[in-house]
Amino acid sequence: MFSRSLLKFCVKPWNLVKFSRNMSESLFTQSLNPITGKNEWVAQVDDYDYHQEVARAAFADMLHDSERNQKYYAALKKEIAKLHADGKEAHVLDIGTGTGILSMMAVKSGADSVTACEAFMPMAICAEKIMKENKMWDKIKLIKKRSTDIILGEDMDKKANVLVTEVFDTELIGEGAIGIFNHAHKHLLTDDCVVIPSLSRVYAQVAETPQTASWDKPKMFASLDGDVLLQTPKEILECKGEAGVHDIQLSQLNTGQCNFISEPIQIFEFDFMSKTPILENRTNIAKFQAKTHGTPFSIFFWWDLNMDVEGEIVLSCAPYWAHPDFPELSKLASKDKPVQNVIPWRDHWMQAIYYIPKPQMVNPGDELVLTSNHDEYSFWFDVGKTELSENIKRYTCNCSFHIANCRSRIGQLNQSLRNKKYLRIFEEEITKSSVVLSLSDGSLLGLSTAKMAKEVICLEAHRFSRECLESYVKSNKLENVKIIKSLDEVENFEKITHVVAEPYFTTSIVPWDSFYFGTLLNQIKGKLNEKVTILPKTARLFAVPVEFLDLHKIRTPLGICEGFDLRIFDKFIDTASELADQVVEAQPLWEYPCKALGEVVEVLQVNFDEFEGILERSGVVDIQ
């Protein structure tokens, strides 16, 4: 049996948030309309900034992480009981309390006193209400400031002998955990204090995959016959790229295409219990033998936590193939829950990828060196056949390409099937007498027409994208290419025979933002000759209703969480989100499994030859 329902939709490619409040109570914010390319004044409620800050806090999916919640709770119960068994009181400090759930867990676990601090004022106010709702306001002292600003004897009566905190991100230390722990040990904690979690281990795995390699550097462009259209400039190939973290759901990679050059390697350990300050800058050298032949483009990265002192309660953020609980959890795999999704899901602590500055081909058995570095907030890596004589400094892009393009955009530029479809049309339509105007940001496809056409004009308003295209022009000796900052620089629109686009613009977040191509066409439509060819001619938007395996948790209300009533938090976030968030949110859907609940529906078609600017359509989707 199928239950049937109807999903109504209304498509407006550019949505402005509308409010029913009196305009005298509103403020105006400047917002870029990606379709017109213009800044527009948008009416917002008077406390819009407050609600936007709350909506962006993204606490919800963290609190849906039942493994995280339960292991924090279990560690608190265990360590407080041990203190009491030894005849000691348990005075708990909760740094970054958020909703206050860890503080309330401490109370329920028998703590003699609990002090919580929260510097994010909207969240601190919410935590206060939640504590009152759960009848714990008289048992928890809430300090509305950063832990590093707490003054002993003024904010806290005495030092705590139990610290519980969750100040971690995908990179573990990106939220300032090193400084927070060091300060707490020096100023707020006793010498014999217990810390939950007590320790963290950081892991790296050297790997080669076509997918991750495509997110780092652009490939050569070739025609359908194999002739070279664009060679990647030397300065881009030799650039070390950006050392920044690329957080990702590693378990969703196609492991059949993953070539693991190494086993997982523990590279660092962070002892949160130690009274010796955690060093802000460290380097670790790990020597290993290559498992297989390949080119190690990537470092896969994750960490785990010892929640208790003995390390009996462990929380791992590893991808499924390296997760300690996977052998047992794999038995739960089913049609609705594929094997790579049986481990606990979390979107707040994902895994990460780092890219090797200059990868070298290796053979099985080669002696390799993994050099791992961290400062107070981040990590960076290198892999080579010899140990480096000096510590490598954190590297940054010097070719402009990695600054101009995000990882997903680099991947898009490297999609061979997509590029071939464009090139097939270009080769059919463009001749040696053609004059081409390219209207996309950082478009190598537009630039690739230089070998087909008489002249190519590339509109490139953005500095770093323009520098990239200029390096391609110089490296490939494209004398028939002119790069302009504005359409006002086009001297003769009549001579243009083809206007091409991907379309892609740096302001694009959701796909229809790229309809800005139509706006640009409207600006020059009266100047172009009647026979000009527009490519692409049309665009269509499709939709399908789905049920996510896990992604819905980022917006799902919590209700009762581990026995605590968090409905105040639900209302708090829901109100803020309704006022500050758009109804459509961009997500890399390949990372978030789902199943379709209906047929694919075409919801909108756009004709760029006759672009109307404002488009709207309403309809119904049948859900089965």
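Residues numbered from 1 in each chain as written. Predicted model: local features only at pLDDT ≥ 70, side-chain atom pairs only at ≥ 80, totals over all residues. Heavy atoms only, no water.

## A few points about the nonpolar core
Alright, step 1. In terms of nonpolar packing, the biggest core is built from 90 residues, with F168, F270, L370 and F569 touching the most fellow members.
Alright, step 2. Apart from the residues within four sequence positions on either side, L370 is in contact with A204, V206, I265, I267, N284, I285, A286, F288, I299, F381, D382 and V383. (Core = buried A, V, L, I, M, F, W, Y, C linked by side-chain atoms within 4.5 Å. Buried < 20%, exposed > 50% of the residue type's maximum accessible area, 1.4 Å probe, protein only. Contact = heavy atoms within 4.5 Å.)

## Digging into the packing of helix α3 (residues 66-85) against helix α4 (residues 101-108)
Alright, step 1. Packing of α3 against α4 brings their axes to within 9 Å, and their N-to-C directions diverge by 40°. Regarding α3 and α4, the two cross each other, and that crossing is right-handed. Contacts from N69, Y72, Y73, L76 and I80 of α3 reach α4 at L102, M105, A106 and K108.
Alright, step 2. By residue class, the composition of the contact of α3 with α4 is 7 nonpolar, 1 polar and 1 charged. (Axes fitted to C-alpha atoms, helices over the stretch in contact; angles between N-to-C directions. Helix = DSSP H or I, 4+ residues; strand = E, 2+ residues; numbered from the N terminus. Left-handed = near helix turned anticlockwise from the far one by under 90°. Nonpolar A, V, L, I, M, F, W, Y, C, P; charged D, E, K, R; others polar.)

## Some remarks on the sheet that holds strand β19 (residues 367-374)
Alright, step 1. Read across the open sheet, the 3 strands follow the order β15-β19-β20; overall the sheet is antiparallel. Both outer strands of the open sheet, β15 (282-289) and β20 (379-384), are each paired with one neighbouring strand and no more. Averaged over all pairs of adjacent strands, the angle between their axes in this sheet comes to 15°, without regard to strand direction.
Alright, step 2. Both β15 and β19 contribute to a ladder of 8 bridges, which runs antiparallel. Pairing of R282 across the sheet is with H374, part of β19. (Pairing = 2+ DSSP bridges.)

## Comments concerning the packing of aromatic side chains
Alright, step 1. With the rule as written, the count across this model stands at 27 aromatic pairs.
Alright, step 2. Summarising the aromatic geometry, the rings of W345 and Y592 are spaced 6.4 Å apart at their centres and angled 70° between planes, so their arrangement reads as edge-to-face. On the criterion of sequence distance, the pair formed by W345 in the loop between α9 (326-329) and β18 (351-355) and Y592 in the loop between α16 (567-580) and β30 (594-596) is long-range, its members being 247 residues apart. Y592 matches W345 in its accessibility class, with the two residues each being buried.
Alright, step 3. Each ring, one from F515 and one from F608, has its centre 6.0 Å from the other, and the planes form 75°; the classification is edge-to-face. Placement of F515 in the loop between β24 (498-500) and α15 (516-524) and of F608 in the loop between β31 (601-607) and β32 (617-623) is noted, with a sequence separation of 93 residues between them. One exposure class covers both F515 and F608, and it is buried.
Alright, step 4. The side chain of R282 reaches across the aromatic face of F270, ending 4.7 Å from its centre. (Phe/Tyr/Trp six-rings, centres within 6.5 Å; stacked < 30°, edge-to-face > 60°. Lys NZ or Arg CZ within 6 Å of the ring centre and 35° of its normal.)

## Some remarks on the side chain of Q252
Alright, step 1. On the secondary structure map, Q252 appears in the loop between β12 (246-248) and β13 (259-260).
Alright, step 2. Exposure remark for Q252: the relative accessible area of 16% places this residue in the buried category.
Alright, step 3. The contact partners of Q252, leaving out residues within four places of it in the chain, are Q340, N341, W590, E591 and P593.

## Description of the side chain of R409
Alright, step 1. Within the secondary structure, R409 sits in helix α11 (residues 407-413).
Alright, step 2. Given a relative accessible area of 1%, R409 falls into the buried group.
Alright, step 3. Reaching out from R409, the side chain makes a polar contact with the side chain of Q412 at a distance of 2.7 Å.
Alright, step 4. Excluding anything up to four places from it in sequence, R409 contacts R418, D441, G442, S443, E502 and Y504. (Polar contact = N/O pair within 3.5 Å; in protein donor to acceptor, adjacent residues only side chain to side chain.)

## Topic: the sheet that holds β24
Alright, step 1. The strand order across the open sheet formed by 5 strands is β23-β22-β21-β24-β25, and the pairing between neighbours is parallel. Strands with a single pairing partner mark the edges of an open sheet, and in this sheet they are β23 (481-484) and β25 (533-535). Neighbouring strand axes in the sheet, compared pairwise and without regard to direction, differ in orientation by 15° on average.
Alright, step 2. Alignment of strand β21 (residues 435-438) against strand β22 (residues 455-459), held across 4 bridges, turns out to be parallel. Its bridge partner being in β22, V436 is matched across the sheet by V456.
Alright, step 3. Helix-sheet contacts for helix α12 (residues 416-429) involve β24 and β25, and the interaxial angle to β25 is about 170°.

## Notes on the pattern of salt bridges
Side-chain pairs of opposite charge can arise where the charged atoms are in close proximity.
Alright, step 1. Counted by the stated rule, this structure contains 31 salt bridges.
Alright, step 2. The residue E455 makes a salt bridge to K495 at a minimum N-O spacing of 3.2 Å. Of this pair, E455 sits in strand β22 while K495 sits in the loop between β23 and β24, and the two are 40 residues apart along the sequence.
Alright, step 3. Ionic pairing is found between K595 and E547, a salt bridge with its closest N-O pair at 3.9 Å. (Salt bridge = Lys/Arg side-chain N within 4 Å of Asp/Glu carboxyl O.)

## As for the pairing of β18
On any regular strand, side chains alternate: one points to one face of the sheet, the next to the other face.
Alright, step 1. Counting buried residues in β18 gives 5 out of 5 residues, a clear majority hidden from the surface.
Alright, step 2. The two faces of β18 match: Q351, I353 and Y355 on one face and A352 and Y354 on the other face are all buried.
Alright, step 3. In this sheet, β18 lies alongside β12 in antiparallel orientation, the contact comprising 3 bridges. The partner of I248 across the bridge, within β18, is Q351.
Alright, step 4. Note that strand β16 (residues 298-306) and β18 share 4 bridges and pair antiparallel. Along β18, the bridge assignment pairs S298 with Y355.

## Focus on a nonpolar patch on the surface
Alright, step 1. On the surface, F542, V544 and V600 cluster together into a nonpolar patch covering about 270 Å² of accessible area.
Alright, step 2. In this fold, F542 is placed in strand β26 (residues 538-543). (Patch = residues over 30% accessible without salt bridge, like charges linked within 9 Å, V, L, I, M, F, W, Y side chains within 5 Å. Areas by Shrake-Rupley, 256 points an atom, 1.4 Å probe, with all protein chains shown as cover.)

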